[in-house]
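So the chains spell out like this:
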Amino acid sequence: MLPLRLVRLATRLPICRPMSASTAPAGPMVDVADDGGIAVMTLQRAPVNSLNLELLQAISKALDDVAKNKPKGMILTSALPTVFSAGVDITEMYKPEVQRLQQYGNNFQDVWIKLFGFPFPTAAAINGHAPAGGCLLAMACEYRVMVSGKYTIGLNETALGIVANDWFMDTMCHTIGIRNTELALTTGKMFAVDEALEIGLIDEAASDKADAKDKCKKFIKKFDEIAPSARNATKLNIRRGPLANIEKNRKTEIAEML
Amino acid sequence: MLPLRLVRLATRLPICRPMSASTAPAGPMVDVADDGGIAVMTLQRAPVNSLNLELLQAISKALDDVAKNKPKGMILTSALPTVFSAGVDITEMYKPEVQRLQQYGNNFQDVWIKLFGFPFPTAAAINGHAPAGGCLLAMACEYRVMVSGKYTIGLNETALGIVANDWFMDTMCHTIGIRNTELALTTGKMFAVDEALEIGLIDEAASDKADAKDKCKKFIKKFDEIAPSARNATKLNIRRGPLANIEKNRKTEIAEML
Amino acid sequence: MLPLRLVRLATRLPICRPMSASTAPAGPMVDVADDGGIAVMTLQRAPVNSLNLELLQAISKALDDVAKNKPKGMILTSALPTVFSAGVDITEMYKPEVQRLQQYGNNFQDVWIKLFGFPFPTAAAINGHAPAGGCLLAMACEYRVMVSGKYTIGLNETALGIVANDWFMDTMCHTIGIRNTELALTTGKMFAVDEALEIGLIDEAASDKADAKDKCKKFIKKFDEIAPSARNATKLNIRRGPLANIEKNRKTEIAEML
């Protein structure tokens, strides 16, 4: 999973351990607001929403909390001006403590399982760059609207010298099919907004974040007349395969990280 | 399969039990005619070809009869002016007798297995609305030509508060891919003809029923120079997955209905 | 695999056994040249690169040799003016000796496994017709550039009265999806260059062989900045399914040939 390759790479980087939870800024890393029954989940770990253990734990808890409220839907977005999420926080891979790394892997798997298998309608308002794990979070939603401009989105793991996990790959195959996924993953391609639109990696472009959120809301409102229980069970049925795969492999994946 | 949900819903509806076989009109519900070696199977259960037990049994038997003749191909169409088939006859779900419901489920599975796994070339001349089970029958064919106009086609189960069975889902994935199927199923979308054409849910539009049948014939004539045994085995190979799935799950599905 | 059907068909054809290895022309059937770190593998068994046992053995060995050099990538092309490869040499199927036929089947499986699972970037410069096994070789590569003109490409097995093996089918599904594969395989369709381009069976058209090779090189150069180990493992991950299928079934397939 979090590839030894990356661990070894990070070991050679002159960067510091992430701040421990005790010295981290007090503000919550994830904000959840209600917008007429739709939960808006905003990632706000400056500067780039890189996914460290604490952010993953905060997302995981926020997903649980939102689900309890049986919302009309959920929009995932970022509080930062130019980045949706930069993906894995590489400092987590730098001289990692075994226990924390294990926790990290488990929490990342949990976040994906919860988001990809979130029964309620989900849409990503992608208001900035979304490489690697940032792209994964967006793809795990049911719908993607991305702000036009110079932002890019993609699973660029190979360009970082690492191999995307099976659930990254499965999520992309679910979204754009096998052939496009093979080309995207092997080349580590970061897609411009128009390229992402053409290939179906995103569903709509937007002029700015507000427009992106509006379009996400419009998508979620499609379900106003649909019985949630039927809709949600249908979603889980069609997402059953990738969810079964990770359950089967998640322990092995963690073991291989360590 | 025929979801308890639907059974419960129907239980609350002020509608009557379907006519029993003995009081049903004498005319056959399915007509099969030969058109130069191509079997034309016409569903003619007015007013909307809703699939009750007797219609399913008639289709099942007709498929057996047609197969025995090793036809050049088969065209499935409707005798009704504005509806291809309205899908499941909801009255079958209203205060159902256990034995009849069980029979119903089994016959519906059989019809799909026979039609999706029909070795000879199949094409649907969709001359009217094709919601839910009507869309399923059309998708189980190898080719779809739909009469232009205000007709729509789609698996709108969620809009009816029910969950499409796995074989409905598998058939749609086989036709338009996973991503489009997820969007179509969760939103219960009924596609206009041009939308269906764009997404590949149908292959051609036609000006009227005669034109639709002509285009179906033209499709089937593509196989004039192809050895039937090779063609037919190839079709069954590529359809093996969904057919294996239903065989594995059909008993459980029936048990869950009851 | 090499279907009894074809064996039986060939048994009725008034054609001769292929030349035995001892009487075959001395020139190598496969040429491998280095072009700045990219291996260019050229099939040169006149007149049409039909895949007999010796050509398959030569390709198999060449793939091993190229892999040992850890090239930047590999381009597969043909030395012949109008044919990429005509696929299976039907003379192999004519009154076959059991042992040779078994060897033939095994070597064909090996070539596909090695080429589809070749870790390094692969591209086909398709400078002529590519029916059946010729199309298979092209599809097993990661990228396809085809010379414009009157050439065609496709799996036309059904038109020859035979059933494409599962790995032929899996390779096409990997490339153009299930629905397009079903239509292509059942009809035995040979695609013109523009049709192949539209459906994604090829990725680019070229004005001539040199242009095709240049475009293949350009594709391979995309990986200049990508860590080979990550890229190659990613490719093998996404191709895992079809490779697992053939390993599971290859013995049965051979047994059924004999």
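Draft legend 1. Up close: the overall build of chain A. When you go through chain A residue by residue, the secondary structure sums to ten helices and eleven strands. For chain A, the exposed area adds up to about 10100 Å²; of that, 56% sits on carbon and sulfur atoms.

Draft legend 2. Representation of the packing of aromatic side chains. Tallied over the full model, the rule gives 27 aromatic pairs over all chains. Consider the rings of phenylalanine 108 of chain B and tryptophan 167 of chain B, whose centres lie 5.2 Å apart with planes at 85°: the pair is edge-to-face. Of this pair, phenylalanine 108 of chain B sits in helix α3 (residues 98-116) while tryptophan 167 of chain B sits in helix α5 (residues 166-176); the two residues are 59 residues apart in sequence, bridging distant segments of the chain. Tryptophan 167 of chain B shares its class with phenylalanine 108 of chain B; the two are buried. Ring geometry for tryptophan 112 of chain C against tryptophan 167 of chain C: centres 5.7 Å apart, planes inclined by 45°, an arrangement best described as tilted. Pair noted here: tryptophan 112 of chain C is in helix α3 (residues 98-116) and tryptophan 167 of chain C is in helix α5 (residues 166-176), with a separation of 55 residues, a long-range link. Each residue in the set Tyr104, Phe108, Trp112, Phe116, Trp167 and Phe168 of chain A is aromatic and connected to the rest through ring pairs, giving one cluster.

Draft legend 3. Examining the pattern of salt bridges more closely. Taken as a whole and judged by the stated rule, the model has 51 salt bridges over all chains. Here arginine 239 of chain A ties to glutamate 182 of chain B by a salt bridge, and the two come within 2.7 Å at their closest N and O atoms. In this pair, arginine 239 of chain A is assigned in the loop between α9 (228-238) and α10 (240-257) and glutamate 182 of chain B in helix α6 (residues 178-187), connecting two distinct chains. Glutamate 182 of chain B shares its class with arginine 239 of chain A; the two are buried. Salt-bridge contacts for lysine 189 of chain C lead to glutamate 195 of chain C; the nearest nitrogen and oxygen are separated by 3.3 Å. The exposure class of lysine 189 of chain C is partly exposed, given its relative accessible area of 30%. On the basis of relative accessible area, glutamate 195 of chain C is assigned to the partly exposed category, the value being 32%. Among the charged side chains, a network of salt bridges with common partners joins Asp35, Asp214 and Lys217 of chain A.

Draft legend 4. Structural context of the interface of chain B and chain C. Of the residues lining the interface, 21 residues belong to chain B; the matching set on chain C comes to 18 residues. The junction of chain B with chain C conceals about 1600 Å² of combined surface from both sides, 61% of it contributed by carbon and sulfur atoms. The three residues of chain B that bury the most area against chain C are Ile226, Thr234 and Ile238 of chain B, which together make up 33% of that side's buried surface. Between chain B and chain C we count three salt bridges in total. Where chain B touches chain C, the interface holds five residue pairs in polar contact (both at pLDDT 80 or more). Mapped onto the side of chain B that touches chain C, the elements with two or more residues apiece are β8 (143-147), α5 and α9 (228-238) of chain B. Tallying contributions element by element places α9 of chain B first for the side of chain B that touches chain C, with eight residues. Taken together, the residues of the side of chain B that touches chain C sort by class into eight nonpolar, five polar and eight charged.

Draft legend 5. Representation of the relation of the copies chain A and chain C. With an RMSD of 0.0 Å, the operation that places chain A on chain C is a rotation of 120° combined with a shift of 0.0 Å along the axis. Here the transformation between the copies is reduced to the relation of a three-fold axis. Rotation axis and chain A: the residue whose C-alpha lies nearest the axis is glycine 177 of chain A, separated from it by 4.6 Å.

Draft legend 6. Looking closely at the packing of helix α3 (residues 98-116) of chain A against helix α5 (residues 166-176) of chain A. Residue and element names in this part refer to chain A. In the contact formed by α3 and α5, the axes pass within 12 Å of each other and the chain directions differ by 20°. Between α3 and α5, the crossing angle belongs to the class labelled roughly parallel. Like other packed secondary-structure pairs, α3 and α5 cross with a definite hand, here left-handed. Touching Phe108, Gln109, Trp112 and Phe116 of α3 are Trp167, Phe168, Thr171 and His174, all from α5. When grouped by side-chain class, the residues that make up the contact of α3 with α5 number five nonpolar, three polar and no charged.

Draft legend 7. Inspection of the sheet that holds strand β7 (residues 130-131) of chain C at higher detail. Strand order in the open sheet formed by three strands is β7-β9-β10 (chain C), with mixed pairing between adjacent strands. Each edge of the sheet is formed by a strand with only one pairing partner; in this case those strands are β7 and β10 (191-192) of chain C.

Draft legend 8. View of α5 of chain C. All names here are of chain C. Of all the eleven residues making up α5, ten are buried; the element is thus mostly covered by neighbouring parts of the structure. Taken together, the buried positions of α5 are Trp167, Phe168, Met169, Asp170, Thr171, Met172, Cys173, His174, Thr175 and Ile176. The positive-phi residue at the C-terminal boundary of α5 is glycine 177, with phi of around 85°.

Draft legend 9. Expanded view of unusual backbone geometry. At the junction of alanine 46 of chain A and proline 47 of chain A, the peptide bond is cis and its omega measures out at 5° in the coordinates. In this fold, proline 47 of chain A is placed in the loop between β2 (38-43) and β3 (50-51). If you check the backbone angles, asparagine 49 of chain A has positive phi at about 50° while not being a glycine. For asparagine 49 of chain A, the position within the fold is in the loop between β2 and β3. Relative accessible area serves as the criterion here: at 0%, asparagine 49 of chain A is assigned to the buried category. At lysine 70 of chain C, a position not held by glycine, the phi torsion is positive, near 45°. Mapped onto the elements of the fold, lysine 70 of chain C is located in the loop between α2 (53-68) and β4 (73-78).

Draft legend 10. Summary view of the sheet that holds strand β9 (residues 152-154) of chain B. All names here are of chain B. A sheet is described by the order of its strands in space; here three strands give the open sequence β7-β9-β10, paired in mixed fashion. For this open sheet the edge positions go to β7 (130-131) and β10 (191-192), each flanked by a neighbour on one side alone. Sheet topology note: the β7/β9 ladder contains two bridges and is parallel. Residue pairing in the sheet places proline 131 in a bridge with glycine 154 of β9.

What counts and how
Residues numbered from 1 in each chain as written. Chains lettered and ligands numbered in written order. Predicted model: local features only at pLDDT ≥ 70, side-chain atom pairs only at ≥ 80, totals over all residues. Heavy atoms only, no water. Helix = DSSP H or I, 4+ residues; strand = E, 2+ residues; numbered from the N terminus. Areas by Shrake-Rupley, 256 points an atom, 1.4 Å probe, with all protein chains shown as cover. Phe/Tyr/Trp six-rings, centres within 6.5 Å; stacked < 30°, edge-to-face > 60°. Buried < 20%, exposed > 50% of the residue type's maximum accessible area, 1.4 Å probe, protein only. Salt bridge = Lys/Arg side-chain N within 4 Å of Asp/Glu carboxyl O. Contact = heavy atoms within 4.5 Å. Buried area = accessible area lost by both parts, 1.4 Å probe. Polar contact = N/O pair within 3.5 Å; in protein donor to acceptor, adjacent residues only side chain to side chain. Nonpolar A, V, L, I, M, F, W, Y, C, P; charged D, E, K, R; others polar. Least-squares fit on C-alpha atoms with pLDDT ≥ 70 in both. Axes fitted to C-alpha atoms, helices over the stretch in contact; angles between N-to-C directions. Parallel < 35°, antiparallel > 145°, perpendicular 65-115°, else oblique. Left-handed = near helix turned anticlockwise from the far one by under 90°. Pairing = 2+ DSSP bridges.

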